[in-house]
Amino acid sequence: MGDRRLRILFLAPQPFFEVRGTPLAVLHLTRALAGLGHAVDLLTFPQGEAVASPGVRHLRSLRLPVGRVKAGPSVAKMLLDGPFVAEAVARMAFGRYDVVHAVEESAHLVAPFARLFGIPLVVDVDSSIPDQLRYSGFATRGPLVWLADTLEAHALRHAAAAVTVCTSLTEGVKRRAPGLPVFQVEDPPLVDRREPPAPEAVAALRRELGLGEAPVILYSGNFEPYQGVELLIEATPGVPGAQFLFMGGRPAEIERLRTRAQQLGTASRAFFSGTRPPSELAAFLALADVLASPRVKGENTPFKIYSYLASGRPIVATRIPTHTQLLDDSLAFLVDPTSEALAAGLRQALEQKDDARARAERGLALVEREYSVERYREKIAHAYKEVERRILGGPGGPA
């Protein structure tokens, strides 16, 4: 069977574009699909910056006066889901699409309409919405969690395929929909060791941030509670002589952490860059001596971990499933999710340089072998070969 150019309605109920995990994943996946020759209409929330993606037409749902949409479940997100789904259904009815690729809760909400219009649905499980509700504290039990569980199960039962980003999500999908084709496509790294930043650019960034010559411990990502950024601040007294650089965060979040660093007596060693564009990540990673991922909750592997591995820098991460489904003690310094254990792991990574270098080299080899941008594109192409086969009614396809 030859390749077929598919018309894809890609649903991503997220602010787009913003520098955080799911929007980054959406950006790279839509670009990969367009690169395969498919025509992609991307529907997102109205919030976010414009970003150019050849072959991708960016559509936005109706704007509501809800302010900023933070990561994870929120009332603002639930309100925006209403006009988002209405726009999605209208486009499904009249857009002549071959497939709907729906991220997170959009798959649950549009699944009945995909069946109604006879459009194959690809469920993109970037995270489990019921789990998000629970570990965020937004709804730990009751009708909302029950409804999310029910809608998720329904969407998976009637999907043409599912795409996941990590082992725990793959296993969860297979439990809920045993016969569904599931394709695990891990997030691509945002940096490439073959194209390092210029030394002058790294030196200029160090000067801009006011960093000295002492070792730098870098955290990159948002400052939501599940990320454990507060844990990293609490660890700063336990790593004397090191500078802590936080790439990300909103002004109010940064001010709160800066105040805590002042209380701990480490404010002179805590540096905050604010949110920066992905194009600067390589320079930030290059000036770091150790990379930290202090996450305290969650199931899906953090997007940042693949870029961390690709940087060739030592990693210190908490020993919880979100990390251990990818990392082990041969690749990173894994520690219990406490400030004391985190500080001890950071000291070990800084002091045991040969060991740290060996773990970082093994991590780099792993990402180049299994999780490179090239492997990412191959996995997307393989997944959509199966989607195309099912659309055309091949073996295992629709009757």
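Quantities reported herein were computed from a predicted structural model and do not represent experimental measurements. (Residues numbered from 1 in each chain as written. Predicted model: local features only at pLDDT ≥ 70, side-chain atom pairs only at ≥ 80, totals over all residues. Heavy atoms only, no water.)

Caption draft 1: Structural context of the environment of Ser 293. Mapped onto the elements of the fold, Ser 293 is located in strand β11 (residues 290-293). Here Ser 293 falls in the buried class, since its relative accessible area comes to 1%. Expressed as a C-alpha distance, the spacing of Ser 293 and Ile 8, which sit 285 residues apart in the sequence, is 35 Å. For Ser 293, the residues in contact, after removing those within four places along its chain, are Pro 302, Lys 304, Ile 305, Tyr 308, Val 316, Ala 317, Thr 318 and His 323. (Helix = DSSP H or I, 4+ residues; strand = E, 2+ residues; numbered from the N terminus. Buried < 20%, exposed > 50% of the residue type's maximum accessible area, 1.4 Å probe, protein only. Contact = heavy atoms within 4.5 Å.)

Caption draft 2: Here's a closer look at a nonpolar patch on the surface. Side chains of Val 75, Met 78, Leu 79 and Phe 138 sit close together on the surface and give an oily, nonpolar patch of about 360 Å² of accessible area. In this structure, Val 75 sits in helix α2 (residues 75-94). Residue classification places Val 75 among the exposed residues on the basis of a relative accessible area of 52%. (Patch = residues over 30% accessible without salt bridge, like charges linked within 9 Å, V, L, I, M, F, W, Y side chains within 5 Å. Areas by Shrake-Rupley, 256 points an atom, 1.4 Å probe, with all protein chains shown as cover. Salt bridge = Lys/Arg side-chain N within 4 Å of Asp/Glu carboxyl O.)

Caption draft 3: Looking closely at the sheet that holds strand β8 (residues 216-220). The strand order across the open sheet built from 6 strands is β10-β9-β8-β11-β12-β13, with neighbouring strands paired in parallel fashion. Lying at the two open borders of the sheet, with one neighbouring strand each, are β10 (270-274) and β13 (333-335). In this sheet, neighbouring strand axes are inclined to one another by 20° on average, regardless of whether the strands run parallel or antiparallel. Pairing between strand β12 (residues 315-318) and β13: 3 bridges, direction parallel. Among the inter-strand pairings, Val 316 is bridged to a residue of β13, identified as Phe 333. (Pairing = 2+ DSSP bridges. Axes fitted to C-alpha atoms, helices over the stretch in contact; angles between N-to-C directions.)

Caption draft 4: Geometry of the side chain of Arg 206. Tracing the sequence through the fold places Arg 206 in helix α7 (residues 199-209). Although Arg 206 lies buried, it forms no salt bridge, and the closest oppositely charged side chain, Glu 213, sits 4.8 Å away as judged by the N-O distance. Within the structure, Arg 206 has its side chain in polar contact with the backbone oxygen of Gly 212 (distance 2.5 Å). Looking at Arg 206, its side chain comes within polar contact range of the main-chain oxygen of Leu 287, at 3.4 Å. (Lys, Arg positive; Asp, Glu negative; His and termini not counted. Polar contact = N/O pair within 3.5 Å; in protein donor to acceptor, adjacent residues only side chain to side chain.)

Caption draft 5: Region of interest: the environment of Ser 372. Summarising the element assignment, Ser 372 is placed in the loop between α14 (353-370) and α15 (373-391). Along the sequence, Ser 372 and Asp 192 sit 180 residues apart, while their C-alpha atoms lie 8.7 Å from each other. Setting aside chain neighbours within four positions, we find Ser 372 in contact with Pro 189 and Val 367. A distance of 3.1 Å separates a polar atom in the side chain of Ser 372 from the backbone nitrogen of Arg 375.

Caption draft 6: Spotlight on the packing of helix α13 (residues 339-351) against α14. The N-to-C vectors of α13 and α14 enclose an angle of 95°; their axes lie 5 Å apart at closest approach. Compared by their axis directions, α13 and α14 come out roughly perpendicular. On α14, the residues touching Gln 348, Ala 349, Leu 350 and Glu 351 of α13 are Lys 353, Asp 355, Ala 356 and Arg 359. Its residues placed into classes, the contact of α13 with α14 shows 3 nonpolar, 1 polar and 4 charged. (Parallel < 35°, antiparallel > 145°, perpendicular 65-115°, else oblique. Nonpolar A, V, L, I, M, F, W, Y, C, P; charged D, E, K, R; others polar.)

Honestly, it's all geometry; don't read function into it.
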